Amino acid sequence: MSISTASLPSPRAGRLAGASLRGARSRIGVEAGESWIRLAQCWVKGGRHGWQTAAFQISAPVRKGSRAAGRARLRAAGIRGTEAVCALNSPYVDVFPLTLEPRPAEALEAQIVARAGEQLSYPPGEAVLDYALLPQAALRPGGEGATVLVFAAPRRVVGALLESLESIGLSVGRLLTPACALAPHFATEPGSRGLAVCTGDEATSVAVIQDHEVLIERILPWGLGRLAELLSAELGLPAAQCRRLLTRAQGQPGAADSDEPVQAQRHPASPDSEEGGKEAGTSAPGAARSLATPEPFDCAVEHILGPALQELAQEAAACLGYCDSFLQHIPAKSVILTGPLAHLAPMHQLIENELGLHAGPAGPVLPGFTEGGEALGHAVAACCALWPGEGGAR
Amino acid sequence: MTSINLVPADIVRGRAARARMRYWGRWIACALAAIGLLYGGLSRLAVGSSSEHRRLNGTYSVLRQDLRAADTLIQRRDDLHSRCQAIRTIRLSRPTGALLRLLARTLTPTSYLTHLSVERCPPFASESGSGGDRCTGQLRMRGHAGGHGDVGEIIRRLEDAQVFTTVTLVGVTEPAGAEETEGVAFEVVCTLQAD
């Protein structure tokens, strides 16, 4: 079991700070589940910047043939280098807060290990643990002790993922959760909170973020793959076709995820796109969506996927409720969605209905991403690529 | 910024160990390559040195044979020189007959010899010796003379002959109970001059 003290926060990097890039390319950002990975790498050339992205399925355990295929996919996508920062978007990740007695750091870690064993459904010895101290600004005044957010994942899952990534030539120096990857780039007004929803291929992360700090994160055990299977079972369409239908809702039919093994996209961004990205959570992609997505499809999605999306909305409400109840009461101001389903209108609708907040895709808030682009599906990977801290392990 | 890392510490350590192994592996590979290059260079040098050694060895063998032949020739020359010297010595040495004729001339009418011995040095022995070890020819004679005057005359004549280096009268004795007219016995040793 590994557990280490959270390091001092690094100064927040710029939106696409050249300082965070080594040479003409950033490190490789990875969003990974058990079988799907999404990759993103930022490039800078002649004052312009853009992204190389790819998404493909990896099989575990990795066979020799699939290793070569993985490397070939990286080369085909134009992603070069080995150093990577990965966000584990998997239902195996447990995130839970703990309030501990005020003790020195060593004793704090011992408390965390002891208390984490009560929370986990598997022995703590089989877990990889890390924790982050919640910021004082978020805590209730007068409270004693330290409140930490504990992140845990089964060692076998982490080991298998790292082995898979290593087999295709990626050396992961830091393993995060989706919310931790998004937080440094999640622009909210100082002192205000926001809700980030990141739908991955196998899991969906819901997190409350305040001043670039994650206050709580929940990871639901379904993602694009599961929703596509539900849709497939109900509509009788191939799952790959359903994936395409769900991701087509982003408004770019040609650029949507497909059942092809690799989707490598190059997203050159104009210098204006970085400026436009400063506006947080103010996008309104409804017009483009209404052109690309027929209304009956939205109705069908809402009907078929309603329970899952409702669960997501309720989980989001529960997260905000936890923060309001146990932390300092600060109302959330925005809900930002990332991932391949970020433009799914029924999801927006359900969340807005449940929380009473505007929910929109996070395109502009992410570094170098244009609003409404397919690249939003790789937002977590992109944030990992521009992770402001050092990539190596502590 | 929530900074966490779920990469297990043992994997990080293993990765660092592999990196160290790769680092040292590269160094070892470089060292082996350098040693290989050095070995190759030295081998080429050794091949050159070996061929040079073989060539010199061949030359040395030829020279050694020549030297051995020269030694044989020198030995043969020395042998021949010795033989020539011996022949020359024999040729130049005074014959015994001449000595006897000389002794006959030195004796007085009343004297005669009862014993005569001549010891001559082998060829070159008189030249090769040094100091006291030098070989000298010697003539020893014993005889009777009419009186002491005759003995003196014999010694004088021997010295005048210029054949002997030294003439030494070993002794003169008168026979006990004999009369003065019966004469005396004498013994003389002469050293022969070297040839």
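Residues numbered from 1 in each chain as written. Chains lettered and ligands numbered in written order. Predicted model: local features only at pLDDT ≥ 70, side-chain atom pairs only at ≥ 80, totals over all residues. Heavy atoms only, no water.

Peer 1: Can you lay out the overall build of chain B for me, pointing to particular residues and giving the numbers?
Peer 2: The number of helices and strands found in chain B is 4 helices and 4 strands. Along chain B, helices and strands appear, N-terminal first, in the series α-α-β-α-β-α-β-β. The buried share among the 195 residues of chain B stands at 24%. Restricting to contacts in chain B with at least 6 residues of sequence separation, those with at least 24 account for 67%. (Helix = DSSP H or I, 4+ residues; strand = E, 2+ residues; numbered from the N terminus. Buried < 20%, exposed > 50% of the residue type's maximum accessible area, 1.4 Å probe, protein only. Contact = heavy atoms within 4.5 Å.)

Peer 1: Talk me through the overall build of chain A; I want residue IDs and the actual numbers.
Peer 2: Scanning chain A from N- to C-terminus turns up 11 helices and 14 strands. Across the 394 residues in chain A, those meeting the buried criterion constitute 57%. Considering only intrachain contacts with a sequence separation of at least 6, the fraction spanning at least 24 residues in chain A is 71%. Summing over all exposed atoms, chain A offers an accessible surface of approximately 15300 Å²; the carbon and sulfur share of this is 53%. (Areas by Shrake-Rupley, 256 points an atom, 1.4 Å probe, with all protein chains shown as cover.)

Peer 1: Lay out the state of the cysteines in plain terms, naming residues and giving numbers.
Peer 2: All names here are of chain A. Considering all chains together, one arrives at 0 disulfides over all chains under this definition. The thiol of Cys-384 is not disulfide-bonded; the next cysteine sulfur, from Cys-86, is found 6.5 Å away. By relative accessible area, Cys-384 is classed as buried at 0%. (Disulfide = S-S within 2.5 Å.)

Peer 1: With reference to specific residues and values, describe a nonpolar patch on the surface.
Peer 2: Residues Tyr-23, Trp-24, Trp-27, Ile-28, Leu-32 and Ile-35 of chain B make up a contiguous nonpolar surface patch of roughly 700 Å² in combined accessible area. Structurally, the position occupied by Trp-27 of chain B is in helix H1 (residues 9-92). (Patch = residues over 30% accessible without salt bridge, like charges linked within 9 Å, V, L, I, M, F, W, Y side chains within 5 Å. Salt bridge = Lys/Arg side-chain N within 4 Å of Asp/Glu carboxyl O.)

Peer 1: Describe the interface of chain A and chain B, with residues and values.
Peer 2: Taken together, the contact between chain A and chain B spans 35 residues of the former and 14 residues of the latter. Viewed at the interface, chain B and chain A are joined by 3 salt bridges. Here Arg-18 of chain B and Glu-166 of chain A are joined by a salt bridge, their closest N and O atoms 3.0 Å apart. The interface formed by chain A and chain B includes 11 residue pairs in polar contact (both at pLDDT 80 or more). Of all the elements in the fold, those that place two or more residues in the side of chain A that touches chain B are strand E6 (127-133), strand E7 (146-154), helix H3 (155-167), strand E8 (171-176) and strand E11 (213-220) of chain A. If one sorts the elements of the side of chain A that touches chain B by residue count, E8 of chain A sits on top with 6 residues. For the side of chain A that touches chain B, a count of residues per class yields 19 nonpolar, 10 polar and 6 charged. (Polar contact = N/O pair within 3.5 Å; in protein donor to acceptor, adjacent residues only side chain to side chain. Nonpolar A, V, L, I, M, F, W, Y, C, P; charged D, E, K, R; others polar.)

Peer 1: Give me the lowdown on helix H10 (residues 345-355) of chain A, citing residues and values where you can.
Peer 2: Within H10 of chain A, the full set of buried residues consists of Ala-345, Pro-346, Met-347, His-348, Leu-350, Ile-351 and Leu-355 of chain A. Gly-356 of chain A sits one or two positions beyond H10 of chain A and adopts a positive phi of about 70°.

Peer 1: Describe the confidence of the model for chain B, listing the residues and the values that go with them.
Peer 2: Detailed reading of the predicted coordinates is not advisable wherever pLDDT falls low. Here chain B averages 87 in pLDDT, and 92% of its residues register 70 or above. Among the prediction metrics, the complex's ipTM stands at 0.75, with pTM recorded as 0.63. (pLDDT = per-residue confidence, 0-100.)

Peer 1: An account of the sheet that holds strand E10 (residues 204-210) of chain A is needed here, citing residue identities and associated values.
Peer 2: Residue and element names in this part refer to chain A. Reading across the sheet, the 5 strands line up as E11-E10-E9-E13-E14 and stay open at both edges, with mixed pairing between neighbours. This sheet does not close on itself; its edge strands, each paired only once, are E11 and strand E14 (359-361). For this sheet the average axis-to-axis angle between neighbouring strands, irrespective of direction, equals 20°. Two strands pair when backbone bridges link them, and strand E9 (residues 193-199) and strand E13 (residues 332-338) are joined in this way by 6 bridges, in the parallel orientation. Paired with Arg-193 across the two strands is Ala-332, which belongs to E13. (Pairing = 2+ DSSP bridges. Axes fitted to C-alpha atoms, helices over the stretch in contact; angles between N-to-C directions.)

Peer 1: Can you tell me about the sheet that holds strand E3 (residues 164-173) of chain B, naming the residues and giving the values?
Peer 2: All names here are of chain B. Strand order in this open sheet of 4 strands is E1-E2-E4-E3, and the pairing throughout is antiparallel. Two strands bound the open sheet, and with one partner strand each, they are strand E1 (112-119) and E3. Adjacent strand axes in the sheet meet at a mean angle of 15° when their direction is disregarded. Those strands touched by helix H4 (residues 148-160) are strand E2 (138-145), E3 and strand E4 (184-192), and its axis lies near 170° from that of E3.

Peer 1: Break down the packing of H3 of chain A against H1 of chain B for me, with residues and values.
Peer 2: When two helices pack together, you describe them by how their axes are tilted relative to each other and by the distance separating the axes. One way to put it is that H3 of chain A packs onto H1 of chain B with a least axis distance of 11 Å and a crossing angle of 30°. Classified by the interaxial angle, the pair formed by H3 of chain A and H1 of chain B is roughly parallel. Taking contact as the criterion, the partners of Arg-155, Gly-159, Leu-162 and Glu-166 of chain A in H3 of chain A are, on H1 of chain B, Asp-10, Ile-11, Arg-15 and Arg-18 of chain B. (Parallel < 35°, antiparallel > 145°, perpendicular 65-115°, else oblique.)

Peer 1: Outline the nonpolar core, supporting the account with residue identities and numerical values.
Peer 2: Ranked by size, the top nonpolar core spans 101 residues in total, and within it Val-30, Leu-39, Leu-246 and Ile-351 of chain A carry the most contacts. If you look at the next biggest cluster of nonpolar residues, it comprises 19 residues, including Met-141, Val-167, Phe-186 and Leu-192 of chain B. (Core = buried A, V, L, I, M, F, W, Y, C linked by side-chain atoms within 4.5 Å.)

Peer 1: Which residues make up unusual backbone geometry, and what are the values?
Peer 2: In this structure, Asp-211 of chain A is a non-glycine residue whose phi angle is positive, near 50°. Mapping Asp-211 of chain A onto the fold places it in the loop between E10 and E11. Given a relative accessible area of 32%, Asp-211 of chain A falls into the partly exposed group. At Gln-162 of chain B, a residue that is not glycine, the phi angle is positive and equals roughly 60°. Topologically, Gln-162 of chain B is positioned in the loop between H4 and E3.

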